[in-house]
Amino acid sequence: MSRDNIGEFQLKLSGLRVLPGAHNYEASAAGEGRIAGIEVFAIFTHVSQILPDGSEIATSDGFLRAKEGCDTAFVQLIGGFRCEREGRPGGAQHWQGAAAIKSESPRFMELNGRVFWLEIRFDPQAGTSHHRWYALRAGWDDGGDDGS
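For clarity, every value in this text was computed on a predicted model and none was experimentally measured. (Residues numbered from 1 in each chain as written. Predicted model: local features only at pLDDT ≥ 70, side-chain atom pairs only at ≥ 80, totals over all residues. Heavy atoms only, no water.)

**Thoughts on the side chain of Glu56**
Tracing the backbone through its elements, the reader meets Glu56 in strand 4 (residues 56–66). A distance of 2.5 Å separates a polar atom in the side chain of Glu56 from a polar atom in the side chain of Ser48. The contact partners of Glu56, leaving out residues within four places of it in the chain, are Tyr25, Ser48, Gln49, Ile50, Gly79, Gly80, Phe81 and Trp95. (Helix = DSSP H or I, 4+ residues; strand = E, 2+ residues; numbered from the N terminus. Polar contact = N/O pair within 3.5 Å; in protein donor to acceptor, adjacent residues only side chain to side chain. Contact = heavy atoms within 4.5 Å.)

**What to know about the nonpolar core**
By size, the foremost hydrophobic cluster in this structure holds 29 residues, and its most contacted members are Ile35, Leu64, Ile101, Phe108 and Trp133. Mapped by element, the contributors of at least two residues to this core are strand 1 (2–19), strand 2 (24–35), strand 3 (38–50), strand 4, strand 5 (72–82), strand 6 (93–102), strand 7 (115–123) and strand 8 (128–137). The contacts of Leu64, once residues within four sequence positions are left out, are Phe9, Ile35, Val40, Phe41, Ala42, Phe44, Asp71, Thr72, Ala73, Val75, Ile101 and Phe108. (Core = buried A, V, L, I, M, F, W, Y, C linked by side-chain atoms within 4.5 Å. Buried < 20%, exposed > 50% of the residue type's maximum accessible area, 1.4 Å probe, protein only.)

**Observations regarding the packing of aromatic side chains**
What the rule picks out here adds up to 3 aromatic pairs. Between Phe9 and Trp133, the ring centres sit 5.3 Å apart and the planes meet at 65°, which makes this aromatic pair edge-to-face. Highlighted residues: Phe9 in strand 1 and Trp133 in strand 8, separated in sequence by 124 residues. The exposure class assigned to Phe9 is buried, which follows from its relative accessible area of 1%. With 6.0 Å between their ring centres and 35° between their planes, Phe116 and Trp133 make a pair best called tilted. Of this pair, Phe116 sits in strand 7 while Trp133 sits in strand 8, and the two are 17 residues apart along the sequence. Phe116 gets classed as buried once you look at its relative accessible area, which sits at 0%. Three or more aromatic residues joined by ring pairs form one cluster here, namely Phe9, Phe116 and Trp133. A cation over an aromatic ring shows up here: Lys67 above the ring of Phe41, its NZ or CZ 5.4 Å from the ring centre. (Phe/Tyr/Trp six-rings, centres within 6.5 Å; stacked < 30°, edge-to-face > 60°. Lys NZ or Arg CZ within 6 Å of the ring centre and 35° of its normal.)

Any functional reading would require information that these geometric values do not contain.
Right, dumping it as structure tokens:
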């Protein structure tokens, strides 16, 4: 399976709250970027469960709005987190996951039904995150039949 960079976003944390049970929290972020050549504003709300080893599993919902025009797309994400401080205190935290987009807007419709791999670096000191999205191209790289 190969991947092509299809989008990048810069988001700023806008809110945090602890959810009942104390091992779940919600974070909201907003910012801007580009996906499939379209410049967008992005807003996401992320709900995470902290596991005993310090890692996390999370789901996110959000939407993208084209900077030009009124096209919108709704996004659902699922992913995981491990703290990798790169040998320095308070360093960037790394997330990985998958996203799917749903849209009836003409500019985003080509993204419907596709799965995107995402990598996120969160800087807890600045409250900012950098997102890279990749379009996955499935294929049988071994040259064998497809099993059907």
